[in-house]
Protein chains: 2
Amino acid sequence: MTNGFPLDSVGLVVPQRMAFEQSLTLASGALLPRYELVFETYGELNAARDNAVLICHALSGDHHAAGYHVPDEQRPGWWDNLIGPGRPLDTRRFFVVCPNNLGGCAGSTGPLSVDPATGQPYGPDFPIVTVGDWVQTQARLADRLGIERWAAVMGGSLGGMQALQWTVDFPDRVRHALIIAAAPSLTTQNIAFNEVARHAIRSDPDFHGGRYYEQGVVPATGLRLARMLGHITYLSDDVLMARFGRELRDGKLNFGFGVEFEIESYLRHQGESFVKRFDANTYLLMTKSLDYFDPAAHAPEHSLSKALHATNAEFLVVSFSSDWRFSPARSREIVRALLDADRDVSYVEIESEQGHDSFLLDVPLYHRVLRTYFDKIAASGASA
Amino acid sequence: MTNGFPLDSVGLVVPQRMAFEQSLTLASGALLPRYELVFETYGELNAARDNAVLICHALSGDHHAAGYHVPDEQRPGWWDNLIGPGRPLDTRRFFVVCPNNLGGCAGSTGPLSVDPATGQPYGPDFPIVTVGDWVQTQARLADRLGIERWAAVMGGSLGGMQALQWTVDFPDRVRHALIIAAAPSLTTQNIAFNEVARHAIRSDPDFHGGRYYEQGVVPATGLRLARMLGHITYLSDDVLMARFGRELRDGKLNFGFGVEFEIESYLRHQGESFVKRFDANTYLLMTKSLDYFDPAAHAPEHSLSKALHATNAEFLVVSFSSDWRFSPARSREIVRALLDADRDVSYVEIESEQGHDSFLLDVPLYHRVLRTYFDKIAASGASA
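Residues numbered from 1 in each chain as written. Chains lettered and ligands numbered in written order. Predicted model: local features only at pLDDT ≥ 70, side-chain atom pairs only at ≥ 80, totals over all residues. Heavy atoms only, no water.

**Some points on the interface of chain A and chain B**
Accessible area lost during the coming together of the parts is what is often quoted as the interface size. What counts here: The contact criterion used is simple: two residues touch if any of their non-hydrogen atoms lie within 4.5 Å. The term buried area means the drop in 1.4 Å probe accessible area that two parts suffer when joined, counted for both and summed. Any Lys or Arg side-chain nitrogen located within 4 Å of an Asp or Glu carboxyl oxygen qualifies as a salt bridge. Here a polar contact is taken to be a pair of N or O atoms separated by no more than 3.5 Å, where protein atoms must pair a possible hydrogen donor with a possible acceptor and residues adjacent in sequence count only if both atoms sit in side chains. Strands are runs of DSSP state E lasting at least two residues, helices are runs of H or I lasting at least four, and both sets are numbered from the N terminus onward. Under the scheme applied, nonpolar residues are Ala, Val, Leu, Ile, Met, Phe, Trp, Tyr, Cys and Pro; charged residues are Asp, Glu, Lys and Arg; polar residues are all the others, including Gly.
Listed as interface residues are 53 residues of chain A and, on the opposing side, 53 residues of chain B. Here chain A and chain B share an interface that buries about 4,600 Å² over both sides, 69% of which is from carbon and sulfur atoms. Looking only at chain A, the three residues that lose the most surface to chain B are R246, F255 and F257 of chain A, adding up to 17% of its buried area. On the surface where chain A and chain B come into contact, there are nine salt bridges. Where R268 of chain A meets E195 of chain B, a salt bridge forms, and the shortest distance between an N and an O atom there is 2.6 Å. At the surface where chain A touches chain B, the tally comes to 27 residue pairs in polar contact (both at pLDDT 80 or more). Among the elements of the structure, α3 (188-202), α4 (220-234), α5 (237-243), α6 (262-277) and α7 (280-292) of chain A are those that each provide at least two residues to the side of chain A that touches chain B. In the side of chain A that touches chain B, the residues fall into 28 nonpolar, 13 polar and twelve charged.

Following this line, the structure appears as structure tokens:
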């Protein structure tokens, strides 16, 4: 332990903020006159500037991937088990960068920010952003940090989609792409779940067309429902059975509508705590970005393989056996397309009962695979 | 065609109503002083009274299983493809009875009915009913119709659970049980989806604690969400992909929150039309009845096999390959328990891409199985 933190923790971290005064035209055609990104970094950029790893966050993630903001922070960053001195993504060798995405609610410019055109929060006027838009903003961040080429771009779920998009949009700026628990596009069912979540938020009377900040309320009911629903899709049926089964909170049926089964209590708690930390307008934007993601869309014959033909990265694709949100079959679509495009790809399907959430967990084989892969990256170029 | 109906249709049907003035004590301990059931019958009860088939409906079903209420009714009863002269459940041979369940909203006593104690609609005061309670009411209906023993009790989904419960509660009153697309209990995930649906309804400001009738409103937003969510679980991912894919309504992304993908339009439509025909308090009751269903609960060691040991029926269990709400694995649990209990059981797993909804559809092999099974029932006893 150093200062109370484990030796292999990055310890205390201070988020950084960068302003981009050059306007940005988004995929929608909307123009942002300026924006800011908050981000964290762990480790040191080496003299050759070739040891930088970009971490892209998922739907409800943020820039706080590792370490602690305050000594007694209840939980460290969301990917803390992965990142640190001696951890699979070893910060003694790599310089790790994790930004909060544009449109987010953790500090980067988004619906909560003031629209310079009106002097009021953007709220529902914040434009819909795409995975491609995020990659553009991350590339500008890389420029400013003096990173010409990432040693790796890495993410799980929606974060993995960003890693994939990077290889398409900036083929020469990514040496390795780690695409974990992701998919080349959403299925109809994925979109359907997102639509129910959006409907829950937008039909909440406290949503006020997205201008709820001005009313001093939040669409808590809708956001809570969206999160409860999301949680069901993040966990496998098996892990829910193992963790909660049909356990009754009071040991007997109460024939009422209070909490009876333990799973009900869990879902309500998850919904409650999410409402306290996340913004509903951002949630809407993130689900749209997921729906829209489809890097094959502009390729001939809508072919993912053709879309990936001009990429130059080496790829690691990882899926989890019990993930039914983005199942192994979806990862294999990416792998097949890469093979068809004659790209360099490794693929591992990890046995895990934890469902989609596995990508956040310290599943031993998964972490060994990542450690080995980062060792390979370090050996083949980047070193501190 | 006769009178404009196909020759193998039961044609025009008139729902019947029966009042039960004897009080009923429910599993919860609550006492209903009296109740009424609406039901439909098709075909004729034979002189031996041994050709009666009870149809049990599912979550959002009702007593209108076959035929037409008016000549130009847009759609016939919900299991019309199965029931009629010459159809798999042949009404020239069988006398078919289908009641609306207690607690329902299609005419049987339920939340919409007047509570004799208050002179006001029961609303949220209508007691939670269980599958076992339904079986009791159906047994009383059988008594009044002069049916000592059903040739068959049959249902899909929650209806199949009633058929299973019948064999446990009245082993000598069921010759055959047809249990289709059902499960011996809900999984944690099933309960979780129900809880989200209930939460959507109960947190709708128009719910008014269930007393929305008196306010002249309905919790439309919550009920719509519940139905949208339900629909996702009724259909397989594959069939959603085949029917809607990622098709865009306007052929392009609009970067807004109106309908973009066709699936969004479908879900909204399903939600809308459900709100017009279904009562939210009944929906809450039905989901609770599903959650509570667990015929093994009172058996030694919570053993389904032991719970089924005293049954006397012959069983047909049917599942559908793409059903992820009540997967084939759940049907196999029932089959295994029946085999362990040394009961007579046939099991068929039907290949179908249509998901849970398959049980309502004219899947050719499925209907052939049912036709064959009913032929066997007819040959072994019941005949007109």
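The structure having been displayed, the exposition proceeds.
**Quick word on the sheet that holds strand β4 (residues 35-42) of chain A**
Residues and elements named next belong to chain A. This is how the line gets drawn: For two strands to be treated as a pair, DSSP must find no fewer than two bridges joining them. Here an angle of 0 to 180 degrees is reported between the N-to-C directions of two axes, which are lines fitted to C-alpha atoms, with helices fitted over the stretch in contact.
Ordered in space as β1-β4-β8-β5-β11-β12-β13-β14, the eight strands form an open sheet in which the pairing is mixed. With partners counted over all chains shown, the strands left at the sheet margins are β1 (16-20) and β14 (344-350), one partner each. When strand polarity is set aside, the average angle formed by the axes of neighbouring strands in this sheet is 20 degrees. Pairing of β1 with β4, which is carried by five bridges, proceeds in the antiparallel orientation. Looking across to β4, one finds that M18 is bridged to L37. Against the sheet, helix α2 (residues 158-169) contacts β5 (52-56), β11 (152-156), β12 (176-180) and β13 (314-320), and its axis sits at roughly 150 degrees relative to β11. Lying on the sheet, helix α10 (residues 364-379) is in contact with β5, β11, β12, β13 and β14; it crosses β12 at an angle near 170 degrees.

**Points about the confidence of the model for chain A**
Short version of the rule: The predictor attaches a confidence to each residue, called pLDDT, with possible values from 0 through 100.
Considering every residue of chain A, the mean pLDDT works out to 96; 98% of them sit at 70 or more. Quick note on the complex model: pTM equals 0.96, ipTM equals 0.94.

**A look at the relation of the copies chain A and chain B**
What relates the pair of chain copies is a rotation about an axis plus a shift along that axis. To keep things clear, this is the line we draw: Least-squares superposition of the copies uses the C-alpha atoms of those residues scoring a pLDDT of at least 70 in each of them.
Superposing chain A onto chain B takes a rotation of 180 degrees combined with a translation of 0.0 Å along the rotation axis, leaving an RMSD of 0.0 Å. A rotation of that kind, with that shift, is consistent with a two-fold axis. Here 100% of the contact residues of chain A are again contact residues in chain B; the copies associate through an equivalent surface.

**Comments concerning the packing of helix α1 (residues 131-145) of chain A against α2 of chain A**
Between two packed helices, both the angle of their axes relative to each other and the distance between the axes serve to describe the pair. All names here are of chain A. Note the cut-off: For classification purposes, angles smaller than 35 degrees are called roughly parallel, those larger than 145 roughly antiparallel, those between 65 and 115 roughly perpendicular, and all remaining angles oblique. Should the near helix be turned anticlockwise from the far one by less than a right angle, the crossing is left-handed, and should it be turned clockwise, the crossing is right-handed.
Contact geometry of α1 with α2 gives a least axis separation of 9 Å together with a crossing angle of 70 degrees. Here α1 lies roughly perpendicular to α2, going by the angle between them. As for the relative orientation of α1 and α2, their crossing is right-handed in sense. Residue-level inspection shows V131, G132, W134, V135, Q138 and A139 of α1 in contact with α2, the latter providing L158, M161, Q162, Q165, W166 and D169. Class assignment for the residues of the contact of α1 with α2 results in seven nonpolar, four polar and one charged.

**Observations concerning the environment of Y283 of chain B**
All names here are of chain B. The criterion, for reference: The buried label applies to any residue whose accessible area, calculated with a 1.4 Å probe on protein chains only, is under 20% of its type's maximum; exposed applies above 50%, and partly exposed to all values in between.
Mapping Y283 onto the fold places it in helix α7 (residues 280-292). The exposure class of Y283 is buried, given its relative accessible area of 3%. Separated by 44 residues in sequence, Y283 and V239 place their C-alpha atoms 26 Å apart. Ignoring sequence-local partners within four residues, the contact set of Y283 consists of L59, A197, I201, L223, A226, Y234, F274 and F278.

**Some remarks on the packing of α3 of chain A against α7 of chain A**
Residues and elements named next belong to chain A. Here α3 crosses α7 at 160 degrees, and the two axes come no closer than 10 Å. On the basis of their axis angle, the class for α3 and α7 is roughly antiparallel. Here the hand of the crossing between α3 and α7 comes out left-handed. Note on element contacts: α7 touches α3 through A280, Y283, L284, T287, K288, L290 and D291, opposite I191, N194, A197, R198, I201 and R202. Looking at side-chain class alone, the contact of α3 with α7 contains seven nonpolar, two polar and four charged residues.

**Notes on the packing of aromatic side chains**
Inclusion rule: In this scheme Phe, Tyr and Trp rings, the latter by its six-membered ring, pair at centre separations within 6.5 Å, and the angle between planes marks the pair as stacked below 30 degrees, edge-to-face above 60, and tilted otherwise.
In this structure the tally under the stated criterion is 36 aromatic pairs over all chains. Summarising the aromatic geometry, the rings of F320 of chain A and Y366 of chain A are spaced 4.9 Å apart at their centres and angled 85 degrees between planes, so their arrangement reads as edge-to-face. Taken together, the residues F320 of chain A in strand β13 and Y366 of chain A in helix α10 connect sequence positions 46 residues apart. The pair formed by F320 of chain A and Y366 of chain A is uniform in burial state, with each residue classed as buried. With a centroid separation of 5.7 Å and an interplanar angle of 80 degrees, the aromatic rings of F274 of chain B and Y283 of chain B are classed as edge-to-face. Each member of the pair, F274 of chain B as well as Y283 of chain B, is classed as buried. Among the aromatic residues, those joined into a cluster by ring pairs are F193 and W324 of chain A together with F193 and W324 of chain B.

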